[in-house]
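Secondary and tertiary structure notes
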Amino acid sequence: MSPSFCSGRFSVGLFLVISAVPIAYLICIERAVPSTHVFSYHSSGFFRECAKWDDVGRRFLVSFMDGGGIGKVVPRDGNSDILQEVTVVKDADLAGNASLGIAIDRDRNRLLVAVADLLGNRYSALAAYELSTWRRIFLAELSGHSKEKSFADDVAVDAQGNAYVTDAKGSKIWKVDVNGKLVSTIESPLFTPPGWYNNLVALNGIVYHPHGFLIVIHTFSGFLYKIDLTADGNNKVTVIEVTGGTLRFGDGLELLSPTKIVVAGSPSAKLVESSDGWRTASVTGWFSTGMVHRLVSSATVKEGRVYLNHIVGFGSKKRHVLVEAVF
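About the criteria used
- Every chain is numbered on its own, with residues counted from 1 as its sequence reads.
- Local features in this predicted model are restricted to residues of pLDDT 70 or higher, and side-chain atom pairs are both shown and tallied only at a pLDDT of 80 or more, whereas totals for entire chains, interfaces and linings draw on every residue.
- Remark: hydrogens and water are excluded; side-chain values derive from all non-hydrogen atoms of the structure.
- Elements are defined by DSSP. Helices are runs of H or I of four residues or more, strands are runs of E of two residues or more, and each kind is numbered from the N terminus.
- Think of it in three bands: residues with accessible area under 20% of the maximum for their type are buried, residues over 50% are exposed, and the middle band is partly exposed, with areas taken using a 1.4 Å probe on protein chains only.
- Between two residues, a contact is recorded if the distance between any of their heavy atoms is within 4.5 Å.
- Note on areas: Shrake-Rupley, 1.4 Å probe, and residue coverage restricted to the protein chains presented here.
- Asp and Glu count as negative and Lys and Arg as positive, but His and the ends of the chain are not part of the count.
- For charged residues, the charge sits on one atom: NZ in Lys, CZ in Arg, CG in Asp, CD in Glu.
- Salt bridge, as used here: a side-chain nitrogen of Lys or Arg that lies within 4 Å of a carboxyl oxygen of Asp or Glu.
- The pairing test for Phe, Tyr and Trp rings, Trp by its six-membered ring, is centres within 6.5 Å, and the orientation test on the planes gives stacked under 30 degrees, edge-to-face over 60, and tilted for anything in between.
- Should DSSP find at least two bridges between two strands, the strands are taken to pair.
- In this analysis an axis means a line fitted to C-alpha atoms, helices contributing only their contacting stretch, and an angle means the value between N-to-C directions, from 0 to 180 degrees.

This part takes up the overall build of the chain. Along its length, the chain carries one helix and 25 strands. If one aligns the C-alpha atoms of the chain with their principal axes, the spans along those axes are about 80 × 50 × 45 Å. Sorting the 327 residues of the chain into buried and exposed places 50% on the buried side. Sequence-distant contacts, at least 24 apart, represent 48% of the contacts inside the chain between residues at least 6 apart. Summed over its atoms, the accessible surface of the chain is roughly 15,100 Å², and 58% of this surface lies on carbon and sulfur atoms. For the chain, the separation between the mean place of its 33 positive charges and that of its 31 negative charges on side chains is 5 Å.

Summed over the entire model, instances satisfying the criterion amount to 17 salt bridges. The closest approach of N and O atoms between Arg108 and Asp105, which form a salt bridge, is 2.7 Å. Judged by relative accessible area, Arg108 falls into the partly exposed class, the value being 29%. Assessed through its relative accessible area of 3%, Asp105 is described here as buried. One salt bridge in this structure joins Arg279 and Asp276, with 3.5 Å as the shortest N-O distance.

This part covers the packing of aromatic side chains. Inspection of the entire model under this criterion finds eight aromatic pairs. For the pair Phe191 and Tyr225, a centre-to-centre distance of 5.1 Å together with 80 degrees between the ring planes defines the contact as edge-to-face. On the criterion of sequence distance, the pair formed by Phe191 in the loop between strand S13 (182-186) and strand S14 (203-209) and Tyr225 in strand S16 (residues 224-228) is long-range, its members being 34 residues apart. Taking the relative accessible area as the measure of exposure, Phe191 reaches 0% and is therefore buried. A ring pair is formed by Trp196 and Tyr197, whose centres lie 5.9 Å apart and whose planes are at 80 degrees; its orientation type is edge-to-face.

Another point: the sheet that holds strand S5 (residues 83-89). Spatially, eight strands are ordered S2-S3-S4-S5-S1-S25-S24-S23 in an open sheet, and the strand pairing comes out mixed. At either end of the open sheet lies a strand with only one pairing partner, and these are strand S2 (48-54) and strand S23 (296-302). Strand-to-strand twist of the sheet, defined as the mean angle between neighbouring strand axes without regard to direction, takes the value 30 degrees.

Pasting the structure below:
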(Lines give C-alpha, C1' and ligand atoms only; values in the text may rest on other atoms or scores of the structure.)
Protein backbone atom coordinates (compact mmCIF):
# COMPACT_ATOMS: atom_id res chain seq x y z
CA MET A 1 0.00 0.00 0.00
CA SER A 2 1.48 3.34 -1.02
CA PRO A 3 2.36 5.96 1.62
CA SER A 4 0.30 8.53 -0.28
CA PHE A 5 -2.78 6.33 -0.06
CA CYS A 6 -2.28 5.83 3.67
CA SER A 7 -1.75 9.54 4.14
CA GLY A 8 -4.88 10.36 2.14
CA ARG A 9 -6.94 7.87 4.06
CA PHE A 10 -5.63 9.27 7.36
CA SER A 11 -6.53 12.82 6.26
CA VAL A 12 -10.07 11.78 5.38
CA GLY A 13 -10.42 9.96 8.67
CA LEU A 14 -9.11 12.92 10.62
CA PHE A 15 -11.54 15.24 8.79
CA LEU A 16 -14.47 12.99 9.66
CA VAL A 17 -13.47 12.86 13.31
CA ILE A 18 -13.03 16.63 13.54
CA SER A 19 -16.33 17.21 11.71
CA ALA A 20 -18.14 14.84 14.02
CA VAL A 21 -17.33 16.95 17.08
CA PRO A 22 -19.35 20.08 16.13
CA ILE A 23 -22.07 17.95 14.54
CA ALA A 24 -22.43 15.97 17.76
CA TYR A 25 -22.48 19.21 19.73
CA LEU A 26 -25.23 20.66 17.51
CA ILE A 27 -27.31 17.51 17.87
CA CYS A 28 -26.86 17.65 21.64
CA ILE A 29 -27.99 21.26 22.03
CA GLU A 30 -30.81 20.77 19.53
CA ARG A 31 -32.16 17.95 21.68
CA ALA A 32 -31.87 20.00 24.86
CA VAL A 33 -35.23 21.27 26.09
CA PRO A 34 -35.30 24.98 27.06
CA SER A 35 -36.39 25.71 30.61
CA THR A 36 -39.04 28.19 29.43
CA HIS A 37 -42.01 28.11 27.08
CA VAL A 38 -41.30 27.58 23.37
CA PHE A 39 -43.35 28.09 20.21
CA SER A 40 -42.00 25.84 17.44
CA TYR A 41 -43.09 26.08 13.84
CA HIS A 42 -42.26 24.55 10.47
CA SER A 43 -41.34 27.00 7.75
CA SER A 44 -40.68 27.32 4.04
CA GLY A 45 -37.21 28.75 4.64
CA PHE A 46 -34.16 28.34 6.86
CA PHE A 47 -33.72 32.00 7.86
CA ARG A 48 -36.22 34.17 9.72
CA GLU A 49 -34.85 37.55 10.78
CA CYS A 50 -37.61 39.07 12.89
CA ALA A 51 -40.80 38.02 14.66
CA LYS A 52 -43.41 40.32 16.20
CA TRP A 53 -46.60 39.44 18.03
CA ASP A 54 -49.75 40.94 16.50
CA ASP A 55 -52.12 41.06 19.46
CA VAL A 56 -55.19 42.09 17.46
CA GLY A 57 -54.59 39.45 14.79
CA ARG A 58 -53.57 36.83 17.41
CA ARG A 59 -50.55 35.75 15.41
CA PHE A 60 -46.80 36.06 15.14
CA LEU A 61 -45.58 37.84 12.01
CA VAL A 62 -42.15 36.73 10.77
CA SER A 63 -39.84 38.14 8.10
CA PHE A 64 -38.11 36.01 5.47
CA MET A 65 -34.39 36.70 5.38
CA ASP A 66 -33.93 34.23 2.53
CA GLY A 67 -35.68 35.60 -0.56
CA GLY A 68 -37.97 38.09 1.15
CA GLY A 69 -41.57 37.94 2.30
CA ILE A 70 -43.72 37.79 5.41
CA GLY A 71 -45.33 34.82 7.10
CA LYS A 72 -47.80 34.36 9.93
CA VAL A 73 -47.72 31.76 12.69
CA VAL A 74 -50.96 31.28 14.62
CA PRO A 75 -50.70 29.65 18.07
CA ARG A 76 -53.34 27.18 19.15
CA ASP A 77 -54.50 27.54 22.75
CA GLY A 78 -53.62 24.58 24.91
CA ASN A 79 -51.85 22.80 22.06
CA SER A 80 -48.10 22.21 22.19
CA ASP A 81 -47.86 20.74 18.68
CA ILE A 82 -45.47 22.27 16.19
CA LEU A 83 -47.15 25.16 14.39
CA GLN A 84 -47.11 25.94 10.67
CA GLU A 85 -45.94 29.14 9.00
CA VAL A 86 -48.24 30.52 6.29
CA THR A 87 -46.89 32.98 3.71
CA VAL A 88 -48.93 36.19 3.50
CA VAL A 89 -46.56 38.45 1.50
CA LYS A 90 -44.31 37.48 -1.39
CA ASP A 91 -43.65 40.36 -3.79
CA ALA A 92 -42.28 39.36 -7.19
CA ASP A 93 -40.65 42.75 -7.72
CA LEU A 94 -38.64 42.35 -4.50
CA ALA A 95 -37.58 38.75 -5.09
CA GLY A 96 -33.99 38.10 -4.13
CA ASN A 97 -33.94 40.77 -1.45
CA ALA A 98 -34.21 40.03 2.25
CA SER A 99 -37.09 41.11 4.46
CA LEU A 100 -35.51 42.08 7.77
CA GLY A 101 -36.79 44.17 10.68
CA ILE A 102 -40.55 44.67 10.95
CA ALA A 103 -42.77 47.00 12.99
CA ILE A 104 -46.51 46.81 13.53
CA ASP A 105 -48.16 50.23 13.19
CA ARG A 106 -51.46 49.37 14.82
CA ASP A 107 -52.88 52.91 14.68
CA ARG A 108 -52.73 52.78 10.88
CA ASN A 109 -53.38 49.03 10.50
CA ARG A 110 -50.15 48.36 8.67
CA LEU A 111 -46.90 46.45 8.85
CA LEU A 112 -43.61 48.18 8.04
CA VAL A 113 -40.82 46.02 6.61
CA ALA A 114 -37.15 46.86 6.07
CA VAL A 115 -35.97 45.40 2.74
CA ALA A 116 -32.33 45.00 1.66
CA ASP A 117 -29.95 43.35 -0.76
CA LEU A 118 -28.44 40.82 1.64
CA LEU A 119 -25.24 40.00 -0.23
CA GLY A 120 -24.47 42.99 -2.43
CA ASN A 121 -25.72 45.78 -0.14
CA ARG A 122 -26.81 47.72 -3.24
CA TYR A 123 -30.51 48.14 -2.48
CA SER A 124 -32.50 49.25 0.56
CA ALA A 125 -36.19 50.04 0.87
CA LEU A 126 -39.12 50.30 3.25
CA ALA A 127 -42.36 48.52 2.40
CA ALA A 128 -45.73 49.02 4.09
CA TYR A 129 -48.60 46.50 3.98
CA GLU A 130 -52.19 46.62 5.15
CA LEU A 131 -52.54 44.13 8.00
CA SER A 132 -56.02 42.94 7.06
CA THR A 133 -55.58 42.39 3.29
CA TRP A 134 -51.77 42.40 2.84
CA ARG A 135 -52.13 44.98 0.07
CA ARG A 136 -48.90 46.87 -0.34
CA ILE A 137 -49.48 50.51 0.59
CA PHE A 138 -46.13 51.86 -0.54
CA LEU A 139 -42.55 50.94 -1.36
CA ALA A 140 -40.06 53.67 -0.43
CA GLU A 141 -36.69 53.21 -2.08
CA LEU A 142 -33.93 54.31 0.28
CA SER A 143 -30.90 53.53 -1.87
CA GLY A 144 -30.15 51.91 -5.18
CA HIS A 145 -28.81 54.61 -7.44
CA SER A 146 -25.57 55.41 -5.63
CA LYS A 147 -22.31 53.51 -5.33
CA GLU A 148 -22.45 53.71 -1.55
CA LYS A 149 -23.32 50.40 0.08
CA SER A 150 -26.32 50.29 2.40
CA PHE A 151 -28.33 47.77 4.36
CA ALA A 152 -31.79 48.60 5.70
CA ASP A 153 -31.91 46.50 8.84
CA ASP A 154 -34.64 47.51 11.27
CA VAL A 155 -37.54 49.95 11.55
CA ALA A 156 -39.50 51.83 14.20
CA VAL A 157 -42.56 54.08 13.90
CA ASP A 158 -43.45 57.21 15.86
CA ALA A 159 -46.83 58.54 16.99
CA GLN A 160 -47.35 60.47 13.72
CA GLY A 161 -46.64 57.43 11.54
CA ASN A 162 -43.12 58.43 10.52
CA ALA A 163 -40.81 55.46 10.09
CA TYR A 164 -37.13 55.32 11.03
CA VAL A 165 -34.97 52.73 9.26
CA THR A 166 -31.45 51.86 10.39
CA ASP A 167 -28.65 51.40 7.86
CA ALA A 168 -26.36 48.71 9.26
CA LYS A 169 -23.79 49.30 6.54
CA GLY A 170 -23.81 53.08 6.09
CA SER A 171 -24.26 54.05 9.76
CA LYS A 172 -27.28 56.30 9.30
CA ILE A 173 -31.04 56.37 9.83
CA TRP A 174 -33.56 57.12 7.10
CA LYS A 175 -36.79 58.93 8.00
CA VAL A 176 -39.83 58.07 5.87
CA ASP A 177 -43.10 59.94 6.38
CA VAL A 178 -46.53 58.37 6.80
CA ASN A 179 -47.12 58.44 3.03
CA GLY A 180 -43.90 56.66 2.13
CA LYS A 181 -41.78 59.66 1.19
CA LEU A 182 -38.12 59.70 2.20
CA VAL A 183 -37.85 63.06 3.95
CA SER A 184 -34.48 63.11 5.72
CA THR A 185 -31.47 61.19 6.96
CA ILE A 186 -30.11 61.22 10.50
CA GLU A 187 -26.32 61.08 10.62
CA SER A 188 -23.72 61.61 13.34
CA PRO A 189 -19.98 61.02 13.85
CA LEU A 190 -20.99 59.08 16.97
CA PHE A 191 -22.51 56.40 14.71
CA THR A 192 -18.99 55.41 13.56
CA PRO A 193 -16.88 54.34 16.56
CA PRO A 194 -13.08 54.03 16.10
CA GLY A 195 -11.82 50.76 14.61
CA TRP A 196 -12.96 49.18 11.37
CA TYR A 197 -13.86 45.98 13.22
CA ASN A 198 -16.41 47.93 15.27
CA ASN A 199 -18.31 48.91 12.12
CA LEU A 200 -18.73 45.60 10.31
CA VAL A 201 -22.37 45.69 11.47
CA ALA A 202 -23.32 49.20 12.57
CA LEU A 203 -26.75 50.62 13.47
CA ASN A 204 -29.25 47.82 13.94
CA GLY A 205 -32.17 47.49 16.36
CA ILE A 206 -34.31 50.59 16.90
CA VAL A 207 -37.35 51.53 19.00
CA TYR A 208 -39.41 54.69 19.37
CA HIS A 209 -39.88 55.90 22.94
CA PRO A 210 -43.26 57.52 23.78
CA HIS A 211 -41.42 60.55 25.20
CA GLY A 212 -40.32 61.48 21.68
CA PHE A 213 -36.92 59.95 21.08
CA LEU A 214 -35.32 56.92 19.46
CA ILE A 215 -33.12 54.28 21.09
CA VAL A 216 -30.73 52.50 18.71
CA ILE A 217 -28.13 49.76 19.14
CA HIS A 218 -24.79 49.65 17.30
CA THR A 219 -24.16 45.93 16.96
CA PHE A 220 -20.42 45.42 16.80
CA SER A 221 -19.44 48.15 19.28
CA GLY A 222 -22.36 47.62 21.65
CA PHE A 223 -23.04 51.37 21.87
CA LEU A 224 -26.58 52.41 22.69
CA TYR A 225 -27.76 55.76 21.33
CA LYS A 226 -30.53 58.17 22.28
CA ILE A 227 -31.76 60.39 19.46
CA ASP A 228 -33.98 63.31 20.45
CA LEU A 229 -36.38 64.05 17.60
CA THR A 230 -37.05 67.73 16.97
CA ALA A 231 -39.43 69.47 14.58
CA ASP A 232 -36.60 71.41 12.94
CA GLY A 233 -34.70 68.24 12.09
CA ASN A 234 -31.71 69.08 14.30
CA ASN A 235 -31.88 65.75 16.05
CA LYS A 236 -29.59 65.47 19.06
CA VAL A 237 -27.58 62.22 19.23
CA THR A 238 -26.00 61.06 22.50
CA VAL A 239 -24.39 57.83 23.64
CA ILE A 240 -26.26 56.28 26.56
CA GLU A 241 -23.83 55.40 29.33
CA VAL A 242 -24.48 51.71 30.04
CA THR A 243 -23.13 49.92 33.11
CA GLY A 244 -23.44 46.36 34.37
CA GLY A 245 -22.38 44.59 31.18
CA THR A 246 -21.63 44.96 27.50
CA LEU A 247 -24.23 45.18 24.75
CA ARG A 248 -21.77 44.12 22.06
CA PHE A 249 -23.43 41.97 19.36
CA GLY A 250 -26.85 43.32 20.32
CA ASP A 251 -29.38 43.00 17.49
CA GLY A 252 -33.10 43.73 17.80
CA LEU A 253 -34.63 45.93 20.52
CA GLU A 254 -38.01 45.70 22.21
CA LEU A 255 -39.44 48.42 24.46
CA LEU A 256 -41.09 46.82 27.51
CA SER A 257 -41.93 50.07 29.30
CA PRO A 258 -40.68 53.66 29.35
CA THR A 259 -37.80 52.49 31.59
CA LYS A 260 -37.02 49.01 30.22
CA ILE A 261 -35.85 47.52 26.93
CA VAL A 262 -34.77 44.06 25.85
CA VAL A 263 -31.64 43.80 23.71
CA ALA A 264 -31.83 40.58 21.68
CA GLY A 265 -28.52 39.07 20.65
CA SER A 266 -26.08 36.23 21.02
CA PRO A 267 -24.92 34.60 23.20
CA SER A 268 -27.58 36.11 25.49
CA ALA A 269 -30.44 38.58 25.52
CA LYS A 270 -30.26 41.37 28.07
CA LEU A 271 -32.68 43.45 30.05
CA VAL A 272 -31.61 47.11 30.21
CA GLU A 273 -33.18 49.69 32.54
CA SER A 274 -32.94 53.46 32.92
CA SER A 275 -34.22 55.77 35.66
CA ASP A 276 -33.10 59.11 34.17
CA GLY A 277 -34.80 59.29 30.79
CA TRP A 278 -32.15 57.17 29.08
CA ARG A 279 -29.22 59.43 29.80
CA THR A 280 -27.71 56.39 31.53
CA ALA A 281 -28.80 52.76 31.78
CA SER A 282 -27.86 49.49 33.46
CA VAL A 283 -27.91 45.86 32.37
CA THR A 284 -30.08 44.23 35.03
CA GLY A 285 -30.84 40.82 33.56
CA TRP A 286 -29.51 38.16 31.21
CA PHE A 287 -31.15 35.22 29.50
CA SER A 288 -29.66 32.60 27.20
CA THR A 289 -31.85 30.12 25.36
CA GLY A 290 -28.90 27.73 25.06
CA MET A 291 -29.40 27.71 21.29
CA VAL A 292 -26.44 29.86 20.32
CA HIS A 293 -26.18 28.10 16.97
CA ARG A 294 -29.62 29.43 16.00
CA LEU A 295 -28.65 33.11 16.57
CA VAL A 296 -31.10 35.28 18.50
CA SER A 297 -32.06 38.31 16.40
CA SER A 298 -35.21 39.95 17.76
CA ALA A 299 -37.60 40.10 20.70
CA THR A 300 -41.33 40.56 20.99
CA VAL A 301 -43.92 40.63 23.77
CA LYS A 302 -46.96 38.37 23.87
CA GLU A 303 -49.33 38.99 26.77
CA GLY A 304 -46.57 40.27 29.03
CA ARG A 305 -44.08 37.53 28.16
CA VAL A 306 -40.94 38.19 26.13
CA TYR A 307 -40.15 35.81 23.26
CA LEU A 308 -36.86 35.64 21.36
CA ASN A 309 -36.72 34.94 17.65
CA HIS A 310 -33.88 32.80 16.29
CA ILE A 311 -32.65 33.32 12.74
CA VAL A 312 -31.77 29.73 11.82
CA GLY A 313 -34.20 26.86 11.34
CA PHE A 314 -33.13 23.23 11.35
CA GLY A 315 -34.25 19.93 9.87
CA SER A 316 -35.96 18.87 6.68
CA LYS A 317 -39.08 20.83 7.70
CA LYS A 318 -37.04 23.89 8.73
CA ARG A 319 -38.18 24.04 12.34
CA HIS A 320 -37.90 27.48 13.93
CA VAL A 321 -38.33 28.43 17.58
CA LEU A 322 -39.58 31.40 19.58
CA VAL A 323 -38.29 30.98 23.13
CA GLU A 324 -39.65 32.77 26.18
CA ALA A 325 -37.02 34.88 27.96
CA VAL A 326 -37.23 35.22 31.73
CA PHE A 327 -34.90 37.80 33.26
